[in-house]
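Listed here are the chains, written in short residue letters.
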Amino acid sequence: MTDITENKRQLLAAYAAYYENLSLETVDQLNDLVTEDFVFCDPFTTVRGPGEVCAYLAKAFTDADNPRFVITHRAIDGDRGFLRWKFSARVKVIGDWEFTGMSELTFNEDGTRLTSHFDHWDSGQNFYAKIPVLRWFIQRLARRVGSL
């Protein structure tokens, strides 16, 4: 096993622990794990730089009650790392919110920092369809597309 592979393994474990322990008090610990040009992308937004990402993640604690990630799987393939996770929170608009997603991460050359984080999860079914006003429309549209 090369040093770079071990660096990636340790970094992925530390990043998983960061998310599992994420709180307003720990959000700034991201700075130790990512590059200055780090890019974070989820179905709602794309933000760049550790400061902007920390601010975005901290907002989850003002917009939701008890946001929590549980990491269920970790994998590394070349310059990519993958985390499968379960997220839960209580959100004013939809109530209890829980879903599963996956994050695709890229490592820098020596495997000591992450350069990007791209979330993959279905915002249509796992967020928008849970909002009462949109639920009816999304369900009807899904049935219509499913019958094509």
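Bear in mind that the values here come from a model prediction, so they are computed numbers and not experimental data. (Residues numbered from 1 in each chain as written. Predicted model: local features only at pLDDT ≥ 70, side-chain atom pairs only at ≥ 80, totals over all residues. Heavy atoms only, no water.)

Some points on the sheet that holds strand S4 (residues 80-91)
- Taking strand neighbours across the sheet as the criterion, the six strands line up as S2-S1-S6-S5-S4-S3 in an open arrangement whose pairing is mixed. Among the strands making up the open sheet, the edge pair consists of strand S2 (46-48) and strand S3 (64-77). Sheet twist, expressed as the mean angle between neighbouring strand axes with direction ignored, is 20°.
- Note: strand S1 (residues 34-41) against strand S6 (residues 114-120), four bridges, orientation parallel. From the neighbouring strand, Cys 41 faces S6, where its bridge partner is Phe 118.
- Seen against the sheet, helix H1 (residues 3-20) touches S1, S3, S4, strand S5 (95-107) and S6 and runs at an angle of roughly 165° to S3. (Pairing = 2+ DSSP bridges. Helix = DSSP H or I, 4+ residues; strand = E, 2+ residues; numbered from the N terminus. Axes fitted to C-alpha atoms, helices over the stretch in contact; angles between N-to-C directions. Contact = heavy atoms within 4.5 Å.)

Examining the pattern of salt bridges
- A complete count under the given rule lists five salt bridges for this structure.
- A salt bridge links Arg 9 to Glu 6, with the nearest nitrogen and oxygen atoms 3.6 Å apart. Placement of both Arg 9 and Glu 6 in helix H1 is noted, with a separation of three residues, approximately one turn of the helix.
- Here Glu 6 falls in the partly exposed class, since its relative accessible area comes to 28%.
- Between Arg 80 and Asp 79 there is a salt bridge, and its shortest N-O distance comes to 4.0 Å. (Salt bridge = Lys/Arg side-chain N within 4 Å of Asp/Glu carboxyl O. Buried < 20%, exposed > 50% of the residue type's maximum accessible area, 1.4 Å probe, protein only.)

Side note on the environment of Asn 66
- Considering the arrangement of structural elements, one finds Asn 66 in strand S3.
- Considered as a pair, Asn 66 and Ser 23 are 43 residues apart in the sequence and their alpha carbons are 9.1 Å apart.
- What Asn 66 contacts, discounting residues up to four positions off in sequence, is Ser 88 and Ala 89.

Focus: the pairing of S1
- Within S1, six of the eight residues are buried, which leaves it mostly tucked inside the rest of the structure.
- Direction of pairing for S1 relative to S2: antiparallel, over a ladder of three bridges. Note that in S2 the partner of Phe 40 across the bridge is Val 47.
- If you look at the hairpin formed by S1 and S2, you'll find four residues sitting between the two strands.

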